[in-house]
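What follows is each chain in one-letter form.
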Amino acid sequence: MLLSSASIPAAVRKYASGISYPVAAIGCRVSSEGMSLDCCEYDLAVFAPENNNHHYGSNQVLPVAGHTVELIYMTGPIKDHMIDLGGIAVIRDSNRFALSAAANDVSPEKYRRALLAAGRKSLVSSLFCQRKTAAAGAKQPAVAAMWLKIAAYEFIRGALALSGSRPMPLHELEQVRRVDASALADGIQAALECIGVERATRPAISRSIGAIRELKSKEYDAELVMSKIRHLMDRQMLADCYYYAGRVAAKNLAARSSAFHNRYAKLVQLSMDLTSDLQHLQKLQRQLFRAANVGLGR
Ligand SMILES: [Zn+2]
């Protein structure tokens, strides 16, 4: 499914066509869901050959004529990016890569199947994180609460994909509001309660921001992420802001070691605004567990 690049500013298209590799606009700016906010960047997927000694290779955020552009280097065979190919606007192509041909080859049916597979994978990942919650238990309440919240975000991503909607981190909460996921409604409710969206207040978000900045200090997209959080705060989109900030922390912490979680327990607790009501968390976990299994058809 090829999309039009008409929503991409001319200056960004011009910049993209100057890159030596096939390039396509992806993400919310070309998505038919029409959810972009002023703070959203223009995502450019770059299909550079692997193992090259050229100057390209690492993802980066950069300004282009007053717009924010994020270059995302795609690795591996094109067919591994079925879900991205389901919604791209090719700006520069090459015969060898035949990006347009690959994108055209992704029929709505193939795309739907790829989304279903991704959704199931997220639900399995949610169950995996839930096991870590149980393993941490009362001995490490902050770690237990952290894994449950990560599990809840994975569940939401899974529920969105299973409902035919490709999750977009900044817009996931809005996607949840719009999607018809009646079969998973109870699970979504439990997941949002785990995440704590109803606790979205300015003070709660402000407390998290410092900790998130610290967690992301070495990442290339730190400034972009922080500016999105500020943008949502300024626009009083507190629930979306709280959801997104927690989502950023969740992704960061899920990739870290348990030694890190234990050593920086306070940072973990602050960045994710964790509560320590273990009994309540266990109740939510059981709901999430049942819902994930329902989603997996078990
Ligand atoms: Zn966006």
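Residues numbered from 1 in each chain as written. Predicted model: local features only at pLDDT ≥ 70, side-chain atom pairs only at ≥ 80, totals over all residues.

Trainee: Quick one: what's the story with the domain arrangement of the protein chain, residue by residue and with numbers?
Mentor: Looking at the protein chain, the domain boundaries give domain 1 (10-104) and domain 2 (108-295). Taken over C-alpha atoms, the centre of domain 1 sits 26 Å from the centre of domain 2. At the junction of the two partners, domain 1 supplies 18 residues and domain 2 supplies 17 residues. Counting residues per element, the ones that place at least two in the side of domain 1 that touches domain 2 are strand 3 (60-64), strand 4 (67-73) and helix 2 (82-85). Residue classes in the side of domain 1 that touches domain 2 are distributed as 8 nonpolar, 7 polar and 3 charged. (Domains from an automatic or database assignment. Contact = placed C-beta atoms within 7 Å. Helix = DSSP H or I, 4+ residues; strand = E, 2+ residues; numbered from the N terminus. Nonpolar A, V, L, I, M, F, W, Y, C, P; charged D, E, K, R; others polar.)

Trainee: Before we move on, could you go through helix 8 (residues 202-215) and cite the residues and values that matter?
Mentor: When the terminal C-alpha atoms of helix 8 are compared, their 20 Å separation across 14 residues agrees well with the 20 Å that a helix rising 1.5 Å per residue should span. When the local axis directions of helix 8 are compared, the greatest deviation, roughly 25°, occurs at I209. Looking at the buried residues of helix 8, the elements they touch are helix 9 (222-234), helix 10 (238-254) and helix 12 (265-272). (Expected span 1.5 Å × (residues − 1). Bend = angle between axes of the 7 residues up to and from the residue.)

Trainee: I'd like a rundown of helix 5 (residues 141-162), residues and numbers included.
Mentor: In this model, helix 5 (22 residues) spans 31 Å end to end at C-alpha, consistent with the 32 Å of a helix rising 1.5 Å per residue. Across the 22 residues of helix 5, 20 count as buried, placing the element largely inside the fold. Backbone geometry just after helix 5 places G164 at a positive phi near 90°. (Buried ≥ 20, exposed ≤ 12 C-beta atoms within 10 Å, placed from the backbone.)

Trainee: Let's hear about unusual backbone geometry: which residues, and what values?
Mentor: Backbone geometry follows two general trends: most residues other than glycine have a negative phi, and most peptide bonds adopt the trans configuration. You will see that A65, though not glycine, has its phi angle at about 45°, which is positive. A positive phi angle, near 60°, is found at Q236, a position not held by glycine. Topologically, Q236 is positioned in the loop between helix 9 and helix 10. The exposure class assigned to Q236 is exposed, which follows from the 10 C-beta atoms found within 10 Å.

Trainee: Go over the environment of L2, please, and point to the residues and values.
Mentor: Here L2 shows up in the segment before helix 1 (10-17). Judged by local crowding, L2 falls into the partly exposed class, with 17 C-beta atoms found within 10 Å. With 103 residues separating them along the chain, L2 and D105 place their C-alpha atoms 9.4 Å apart. Those residues in contact with L2 that lie beyond four places of it in its chain are I88, V90, S100, A103 and N104.

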